[in-house]
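Examining the three-dimensional arrangement
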Amino acid sequence: MASGTALIYDEEMTTHKLLWSDPVCDIEVPERLSSSYDQLKRYHLVERCVHVPAREASQEEILLVHSSEHLEVAKSTQTMNEEELKKVSGNYDAFFFHPNTYCCARLAVGATLELVDAVMSGKVRNGMALVRPPGHHSQRNAANGFCLFNNVAIAAEYAKLKYGLQRILIVDWDVHHGQGTQYIFEEDPSVLYFSWHRYEHQEFWPSLKESDYDAVGLGKGKGFNINLPWNKVGMGNSDYLAAFFHVLLPMAFEFDPELVIVSSGYDSGIGDPEGQMNATPEVFAHLTHFVMQLANGKLCVILEGGYHLKSLSESVCMTVRTLLGDPVPQITGEMAPCLSAVESIQNVRAAHKSYWKWLMYEDTSFLQNLSTKSLLLKKANPNPSTEHESKITNNDETVKVERFLELHMKNILFPVPPIKTATTDSRGSVHLLPVPVHFVKEIDKTEIKALVSGFYADIVKEDKNLLSLGSILAILDKILKKEVCNGIAESPTCSVSVAVALRHSVRFGFQRVLCIFVGDMEIIPNTEDGKILMIHICEKEQSGKTRSKHYISLNWKEDAEGNDFFPAVLGFILPVAYSYQPNLTVIAVGPNRSLGISGISLLFSLLQGLAESRILAVIKDTEINVMQSVAKALVGASAPQFGVYVPPTQEKVNKIKILRDQFQQEWKMLQCSVKDGI
Ligand SMILES: NCCCNCCCCCS
Ligand SMILES: [Zn+2]
């Protein structure tokens, strides 16, 4: 399994610059690249990456997407004087030429293709290319929106041609609609294009009707173009995460791409003059973490926009450290998407209902009145204020955001723990891993006896648990002290071990511990004080215990052939977990588990985005195979195998819907549809 993260940067690409005054284009400055690279160096991230040099793309590579006329125009600008450059620039919407533009644009394409080669050849697992000019607005025959050649579109065509790929996912988290990329692939079912963008009911640039949620693709490409318009500014972390849980990720896992390319624009981040959004840099660590779980981790992140230098460079660093496998920083802000975001999410899900199996049972009865309602909403307040109170006002915003980010990043960043995974020196299963794990000495019997009789006597009845309790508490201590990021232990009686671990964690000051228990759970810990949130995944209802905000039983028996657990994880467990914001996650696999190994590894992989990736795994000692795959997921040895995607049955979709309706007022990240008659 490939490992390592490529970083591609060439300072030649800083020579393209605006030679005259133009208030529209003057934000696309060379310092965007140099300040991002400098910040990567400051965080010692450059030295941890594999350096891959850029190269100039050949003409035939550019012709994979662009017309020869377009190429000729670009080529001809190299020898122009300023007046001629200004004239030819005037033929396009928001583009400027410099004598070096053509060379820089060829480097931007070449860097992108070099990254695709490095990933597809297995030289690295993933990587990022810091390029300019950006690409996602440029079209077959036109430059547009600071873009000359469509770097990402050329990369997708190149990958199809050179590696015979048939399913490529492009995720465009830039705050502008990559209409260029949409036009290029809108009839192509082999390229799934997802873009969210500031739209404001078509008020915001490029103000196209075809940027709305109902542009789903054309001909054979229907269903493979996903537009999520933001109709208000001020969108934040919770809106972005909700869009991933309830739109992008279910599509992406069903599509099952062989390669993921991100049009990684950071003008969707706080402080950006174009986006006017509120999302903070750590959100890009979460977004990156999610797309890393696809395509066996084969991920190419290509820079697009981002015009607030401090916000841009912090967000670039959040992206690269996640690509390197570092723990994902705790997300900040209230975990509740705003009404406008939920409306857009609901609309795009409805628009795609007939193209996706996971949406087959989606309730679209709202369509009758909602469309009029959103028009009413628009008429009601023609200048819609931001849904969220905007943290930063407009004037001298750059300085304010810089100060805000200085403070914000200080309490976000943490020293990366030296070792990723701890385990006790148990049977050989964990030893076989290709990467080092940290073995902790078990707590000796006398010590554990004293501890148990002191605090856990009511839970621990027999001595046979003492040995496994010793190892669990030893690992837990390492995690609590942040000496390791996660740990894995086996136990003959998972319920006892988990109950002790949960009480121990709360005693040691973890205010919110998320516990996911798969299988039969004899002891149900007390969750009244909200310091523990228990999600119990079992085949049938546990007798006597009623559901509550902090005790949710999810009855799920995985389909024999493959993995039908995606809707439960993406549509329910993740939204609840992110709403709760735990500072420790405990995942236990007990007897009679009703999930297959692929469903379990899906849980472990996606839940690493929480609690700064702190996870304690407690696995039934007879489940050797589970132990092995969980250990791989925790050390990040390989992108997890999630098994064959099986679309959910109506019964299972309804199960999720009922749970969502029951808990979406408490756990607001579950919201993905506007309650009728709001
Ligand atoms: N009124 C014209 C505004 C044009 N704005 C272009 C923004 C391009 C962003 C590339 S990511
Ligand atoms: Zn942009």
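What counts, and where the lines are drawn
Residues numbered from 1 in each chain as written. Chains lettered and ligands numbered in written order. Predicted model: local features only at pLDDT ≥ 70, side-chain atom pairs only at ≥ 80, totals over all residues. Heavy atoms only, no water. Domains from an automatic or database assignment. Contact = heavy atoms within 4.5 Å. Buried area = accessible area lost by both parts, 1.4 Å probe. Salt bridge = Lys/Arg side-chain N within 4 Å of Asp/Glu carboxyl O. Polar contact = N/O pair within 3.5 Å; in protein donor to acceptor, adjacent residues only side chain to side chain. Nonpolar A, V, L, I, M, F, W, Y, C, P; charged D, E, K, R; others polar. Axes fitted to C-alpha atoms, helices over the stretch in contact; angles between N-to-C directions. Helix = DSSP H or I, 4+ residues; strand = E, 2+ residues; numbered from the N terminus. Left-handed = near helix turned anticlockwise from the far one by under 90°. Donors = N, O, S within 2.8 Å, 3.2 Å for Na, K, Ca; no water. Buried < 20%, exposed > 50% of the residue type's maximum accessible area, 1.4 Å probe, protein only. Near = heavy atom within 4 Å. Areas by Shrake-Rupley, 256 points an atom, 1.4 Å probe, with all protein chains shown as cover. Right-handed = clockwise from strand over helix to strand, strands pointing away. Pairing = 2+ DSSP bridges. Expected span 1.5 Å × (residues − 1). Bend = angle between axes of the 7 residues up to and from the residue. 1 Å grid on protein atoms, 1.4 Å probe; cavity = no way out; pocket = protein on both sides within 12 Å on 5 of 7 lines; lining within 4 Å. Points joined across faces, edges and corners; volume = space filled by probe spheres on them.

Assigned domains of the chain: these are domain 1 (1–164), domain 2 (170–257 + 271–278 + 337–415) and domain 3 (421–670). Listed per partner, the contact involves 16 residues of domain 1 and 19 residues of domain 2. When domain 1 packs against domain 2, close to 1,200 Å² is buried across both sides, 63% of that on carbon and sulfur atoms. Contact with domain 2 buries surface across domain 1, with His136, His137 and Lys160 losing the most and accounting together for 37% of the total. If you look at where domain 1 meets domain 2, you find 1 salt bridge. Between Lys160 and Asp188 there is a salt bridge, with its nearest N and O atoms 2.6 Å apart. Viewed at the interface, domain 2 and domain 1 are joined by 10 residue pairs in polar contact (both at pLDDT 80 or more). Split by residue class, the side of domain 1 that touches domain 2 holds 6 nonpolar, 7 polar and 3 charged.

So, on to the packing of helix α17 (residues 566–580) against helix α18 (residues 597–606). Between α17 and α18, the least distance of the axes is 10 Å, while the angle of their chain directions is 35 degrees. In terms of crossing hand, the pair formed by α17 and α18 is right-handed. For the pair α17 and α18, the contacting residues are Phe566, Val569, Leu570, Ile573 and Leu574 in the first and Leu602, Leu603 and Leu606 in the second.

Protein-derived coordination of the zinc ion (ligand 2) comes from Asp174 (OD), Asp174 (OD), His176 (ND1) and Asp267 (OD), at a distance range of 2.0 to 2.7 Å. Written as a sequence motif, the donor arrangement for the zinc ion (ligand 2) is D-x1-H-x90-D. Placement of Asp174 in the loop between β4 (168–172) and α7 (179–185) and of Asp267 in the loop between β7 (259–264) and α9 (283–291) is noted, with a sequence separation of 93 residues between them. As far as burial versus exposure is concerned, Asp174 and Asp267 are alike and both buried.

Before going further, it helps to spend a moment on the site of ligand 1. Ligand 1 sits among 13 residues. The nearest are His137, Asp174, His176, Asp267 and Tyr307. Here ligand 1 has 390 Å² of accessible area as a free molecule, and 82% of this is covered by the chains. Looking at the shell around ligand 1 residue by residue, the classes come out as 5 nonpolar, 5 polar and 3 charged.

Counted by the stated rule, this structure contains 28 salt bridges. The salt bridge involving Asp326 is made with Arg48; its shortest N-O contact spans 2.6 Å. Taken as a pair, Asp326 in the loop between α10 (309–323) and α11 (339–351) and Arg48 in the loop between α1 (31–42) and β2 (50–51) lie far apart in primary sequence, 278 residues in all. Using a relative accessible area of 6% as the deciding quantity, one classes Asp326 as buried.

This next bit is on the pairing of strand β5 (residues 191–198). Counting buried residues in β5 gives 8 out of 8 residues, a clear majority hidden from the surface. Every second residue of β5 is oriented toward a common face, with Val191, Tyr193, Ser195 and His197 on one face and Leu192, Phe194, Trp196 and Arg198 on the other, all of them buried. Between the parallel elements β4 and β5, the chain passes through α7 in a crossover that is right-handed. Here β5 runs beside strand β6 (residues 225–230); their pairing, made up of 6 bridges, is parallel. For Tyr193, the partnering residue across the bridge sits in β6 and is Asn225.

In this model, helix α8 (residues 237–255) (19 residues) spans 25 Å end to end at C-alpha, consistent with the 27 Å of a helix rising 1.5 Å per residue. If you look at α8, its biggest bend is around 45 degrees, right at Phe244. Of all 19 residues in α8, 19 are buried, a share of seventy percent or more.

Take empty space enclosed by the protein next. The full count for this structure, using the stated rule, is 2 cavities of 30 Å³ or more. The volume enclosed by the largest cavity comes to roughly 40 Å³. Its residues assigned to classes, the lining of the second largest cavity comprises 6 nonpolar, no polar and 2 charged.

Right, let's talk about the pairing of strand β8 (residues 299–303) for a bit. On a regular strand, one side chain projects to one face of the sheet and the next to the other, so that they alternate. Burial of β8 is extensive: 5 of the 5 residues sit out of reach of the surface. Judged by which residues are buried, β8 turns out to be covered on both faces: Leu299, Val301 and Leu303 on one side and Cys300 and Ile302 on the other are all buried. Strand direction decides the pairing type here: strand β3 (residues 126–129) and β8, joined by 4 bridges, are parallel. Note on β8: the bridge partner recorded for Ala129 is Ile302. Relative to β8, β7 runs parallel, the two being bridged by 5 bridges. When the sheet's bridge partners are listed, Ser263 is paired in β8 with Ile302. In this view, the connection linking β7 to its parallel neighbour β8 by way of α9 has right-handed handedness.

So, on to the layout of surface pockets. For the second largest pocket, the calculated volume is near 520 Å³. In terms of lining, the second largest pocket is formed by 31 residues, of which the most central are Arg349, Glu362, Lys657, Arg660 and Cys672. Elements with a contribution of two residues or more to the lining of the second largest pocket: α8, α11, α17 and α20 (650–663). Here the lining of the second largest pocket takes 5 residues from α20, the largest share from any one element. Classifying every residue of the lining of the second largest pocket gives 16 nonpolar, 7 polar and 8 charged. Summarising the domain contributions, the lining of the second largest pocket has at least three residues from each of domain 2 (170–257 + 271–278 + 337–415) and domain 3 (421–670).

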